Amino acid sequence: MTRSDRSANVPARTRGGMSRRRFLGAAGALGASGVTLPSILGSARVGAAPRPARRPASGDAGSLFFENWPEYIDLTEDGHVGTVDRFIEATGIDMTYSEAFNDNNEYFARIQPVLGRGETIEPDIIAPTSWLAGRLVMLEWVDKLPLDQIPNAANLRDDLVKPAWDPSGEYTLPWQTGFAGIAYNLEVTGRELTSTEDLFDPEFKGKIGMLTEMRDTIGLILLSLGVDISTIESFDEAAEAFEKLEQAKSDGQIRSFTGNDYISDLETGNFAACIGWSGDVASLSVDNPNIRFVIPEEGGTSWADAMVLPKGAANVEQAAKWMDFVYDPEQAAQITAYVQYVSPVKGVQEEVAKIDPELAENPLVFPDEETISRVHTFANLSEDVEAEFDEAFSSIVGA
């Protein structure tokens, strides 16, 4: 199958499914309400995916196990050959691709006893969100990437080189990225919104939503207060943001703290505005142009899910081949056309234009350099400071 044939058959992403960000948002909401994912999903050993896709290859090129989030890669369906199958065909590597990565905190709780004892987990690659990837780097529970075996790593977006969660740039390669900012319903607000301060405008009292993802909610408030979230080292530096959030809740400004279910509240008008994720609004705005997304003038937050090698991973050479494969712009474009998040790979926009010209012009999927320059990544927090942040945020969200 030629590139043009394959590109023409990339399936549109099914929005009704539980995508990576939708699952993360739902998980956050469950955690805030005192319900944990293990109680719903059942306990599972690391590497025992609910529905792993194992596709044997011929030959003896070795094997690879990648544990990722749900609905986060293009599949082999409707005449389109998915990324996993294209990789197997190209390399002969016997690959297992699992969607068992359901929630950062839950996943960390599963791997902590194993890696903490100096033992290895089953997956060769996992894709935690950047803050957890940074935590694993600090704990020395991940190995350096064999970058000399990943020449396409040179295609990493310039703004993601040596990021806050991986200052040396030796341990992670982002899988997908996105932004948090202000999502709003123009029909309800009656005006365009531009600032995080708009979320605290008494005009919208009782019609504001905040995310249960702490780094996005607190991060946006801190940026509006002039705090550089990429350099925070103590709770005291963020205390004012927590106080402002707590006061807004006490005053009735905030209707609710949500996971990804903010989408329905935006559409129905229960929310005039809320903190939201760019990828969600990218899909919503197609059918409802009143749903808007903006990076606040004070700045927005950025997130990434980053591929890392858990300490002692067995199949490093095969992992390097996978990372090199998906960092080829042509291959990365197939993934972007399906998941519609912001690719970390340079050159993808030109390739997506061959698949879906309209998507290639979507600024929420392909933001310009000026937009990227206005988003910031939360600093890595030490274990004790992380606990302080979590405790303070939980007391507000769950009170």
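Residues numbered from 1 in each chain as written. Predicted model: local features only at pLDDT ≥ 70, side-chain atom pairs only at ≥ 80, totals over all residues. Heavy atoms only, no water.

**Description of the layout of surface pockets**
For clarity, the threshold we go by: For each structure, a 1 Å grid was placed over the protein atoms alone; sets of points admitting a 1.4 Å probe that cannot get out are labelled cavities, open sets with protein on both sides within 12 Å along at least five of seven lines are labelled pockets, and lining residues have an atom within 4 Å of a point. Grid points are joined across faces, edges and corners, and a volume is the space filled by probe spheres set on the points. Helix and strand definitions follow DSSP, with helices as H or I runs of at least four residues and strands as E runs of at least two, each counted in order from the N terminus.
Its volume calculated, the second largest pocket comes out at about 400 Å³. As for the second largest pocket, its lining consists of 18 residues, of which Arg 157, Lys 346, Pro 367, Glu 369 and Ile 372 are closest to the centre. Of all elements in the fold, only α14 (348–355) and α16 (369–372) reach the threshold of two or more residues within the lining of the second largest pocket. The biggest single contributor to the lining of the second largest pocket is α14, with 3 residues.

**With respect to the confidence of the model for the protein**
Low pLDDT means the predicted coordinates in that region are not meant to be read closely. Selection rule: pLDDT is defined as a per-residue confidence score from the predictor, taking values between 0 and 100. In what follows, a contact means two residues having at least one pair of non-hydrogen atoms within 4.5 Å.
Per-residue confidence for the protein gives a mean pLDDT of 85; residues scoring 70 or more make up 84%. Every residue in residues 1–51 is under pLDDT 50, and counting partners more than four places away or in other chains gives 121 contacts.

**Considering the environment of Trp 131**
Considering the arrangement of structural elements, one finds Trp 131 in helix α6 (residues 130–138). Considered as a pair, Trp 131 and Ala 306 are 175 residues apart in the sequence and their alpha carbons are 9.4 Å apart. Residues in contact with Trp 131, not counting those within four places in the same chain, are Asn 104, Asn 105, Glu 213, Arg 215, Asn 380 and Glu 386.

**What about the nonpolar core?**
Defined as follows: As used here, the term nonpolar core means buried Ala, Val, Leu, Ile, Met, Phe, Trp, Tyr and Cys residues forming a set that is joined through side-chain atoms within 4.5 Å. Categorising residues by exposure relies on relative accessible area from a 1.4 Å probe, with only protein chains included: less than 20% of the type maximum marks a residue as buried, more than 50% marks it as exposed, and the intermediate range marks it as partly exposed.
In terms of nonpolar packing, the biggest core is built from 124 residues, with Met 307, Trp 322 and Phe 389 touching the most fellow members. Take this core: its biggest share by element is 7 residues, from strand β6 (residues 173–185).

**Some thoughts on the pairing of strand β2 (residues 63–67)**
Where we set the bar: Here a strand pair is declared whenever DSSP counts at least two bridges between the two strands.
In terms of burial, β2 is largely enclosed, as 4 of its 5 residues are buried. For β2 and strand β3 (residues 94–98), the ladder comprises 5 bridges, and the chain directions are parallel. Following the sheet pairing, Glu 67 is matched in β3 by Ser 98. Relative to strand β4 (residues 125–126), β2 runs parallel, the two sharing 2 bridges. Bridging across to β4, Phe 66 finds its partner in Ile 125.

**Focus: a negative patch on the surface**
Note the following rule: Surface patches are drawn from residues lacking salt bridges whose relative accessible area is over 30%; two like charges belong together within 9 Å, two nonpolar side chains (Val, Leu, Ile, Met, Phe, Trp, Tyr) within 5 Å. For accessible areas, the Shrake-Rupley method is used with a probe of radius 1.4 Å. Any residue's cover is judged against the shown protein chains and nothing else. Salt bridges are defined as contacts in which a side-chain nitrogen from Lys or Arg sits within 4 Å of a carboxyl oxygen from Asp or Glu. For the purpose of counting charges, residues Lys and Arg are taken to be positive, whereas Asp and Glu are taken to be negative. His and the chain ends are not included. Note on charges: their place is set at NZ of Lys, CZ of Arg, CG of Asp or CD of Glu.
Residues Glu 233, Asp 236, Glu 237, Asp 384, Glu 388 and Glu 391 make up a contiguous surface patch of negative charge. Take Glu 388: it is sitting in helix α17 (residues 383–397).

**Examining the packing of aromatic side chains**
Put simply, the test is: Stacked, tilted and edge-to-face pairs are distinguished by plane angle, under 30 degrees for stacked and over 60 for edge-to-face with tilted covering the rest, among Phe, Tyr and Trp rings (Trp via its six-membered ring) whose centres lie within 6.5 Å. We call a charge positioned above a ring when the Lys NZ or Arg CZ atom is no farther than 6 Å from the ring centre and deviates by at most 35 degrees from the ring normal.
The full count for this structure, using the stated rule, is 17 aromatic pairs. Taken together, a centroid distance of 3.9 Å and an interplanar angle of 15 degrees make the contact between Phe 101 and Tyr 107 stacked. Both residues of the pair, Phe 101 and Tyr 107, belong to the buried class. Ring centres of Phe 108 and Trp 141 lie 6.0 Å apart, and the angle between their planes is 20 degrees; on these two criteria the pair is classed as stacked. Of the two residues, Phe 108 is situated in helix α5 (residues 104–116) and Trp 141 in the loop between α6 and β5 (142–143); the sequence distance between them amounts to 33 residues. Classification of Phe 108 by relative accessible area gives buried; the value is 6%. It is Arg 135 that lies over the ring of Phe 108; its NZ or CZ is 4.1 Å from the centre. Just above the ring of Phe 378 sits the side chain of Arg 215; from NZ or CZ to the centre is 5.7 Å.

**Quick look at the environment of Thr 371**
Mapped onto the elements of the fold, Thr 371 is located in helix α16. By relative accessible area, Thr 371 is classed as buried at 16%. Taking C-alpha positions, Thr 371 is 7.5 Å from Ile 295, a pair spaced 76 residues apart along the chain.

**Focus on the pattern of salt bridges**
Scanning the model with the defined rule gives 17 salt bridges in all. A salt bridge links Glu 383 to Arg 135, with the nearest nitrogen and oxygen atoms 2.6 Å apart. With Glu 383 in helix α17 and Arg 135 in helix α6, the pair connects residues that are 248 residues apart, well separated along the chain. Since its relative accessible area comes to 36%, Glu 383 is described here as partly exposed. Here Arg 135 falls in the buried class, since its relative accessible area comes to 13%. With a closest N to O distance of 3.8 Å, Glu 317 and Lys 321 form a salt bridge. You can see Glu 317 and its partner Lys 321 sitting in helix α12 (residues 316–326), 4 residues apart, about one turn around the helix. Accessibility expressed as a relative area gives 37% for Lys 321, which makes it partly exposed. One continuous salt-bridge network, built from bridges that share partners, spans Arg 191, Asp 198, Asp 201 and Glu 203.

**Section: empty space enclosed by the protein**
Put simply, the rule is: Following the grouping adopted for this structure description, the nonpolar residues are Ala, Val, Leu, Ile, Met, Phe, Trp, Tyr, Cys and Pro, the charged ones are Asp, Glu, Lys and Arg, and the polar ones are all others, Gly among them.
The full count for this structure, using the stated rule, is 3 cavities of 30 Å³ or more. Lining the largest cavity are 14 residues, with Ser 130, Trp 131, Arg 215, Ser 302 and Trp 303 sitting closest to its centre. Going through the elements one at a time, α6, α8 (214–224) and β11 (300–307) are the ones with two or more residues in the lining of the largest cavity. Each residue belonging to the lining of the largest cavity can be placed in one class, and the counts come to 4 nonpolar, 6 polar and 4 charged. Size it by volume and the second largest cavity reaches roughly 50 Å³. Broken down by secondary-structure element, the contributors of at least two residues to the lining of the second largest cavity are β6 and α13 (329–339). Sorting elements by how many residues they give to the lining of the second largest cavity places β6 first, with 3 residues. Residues of the lining of the second largest cavity, tallied by class, amount to 8 nonpolar, 2 polar and no charged.

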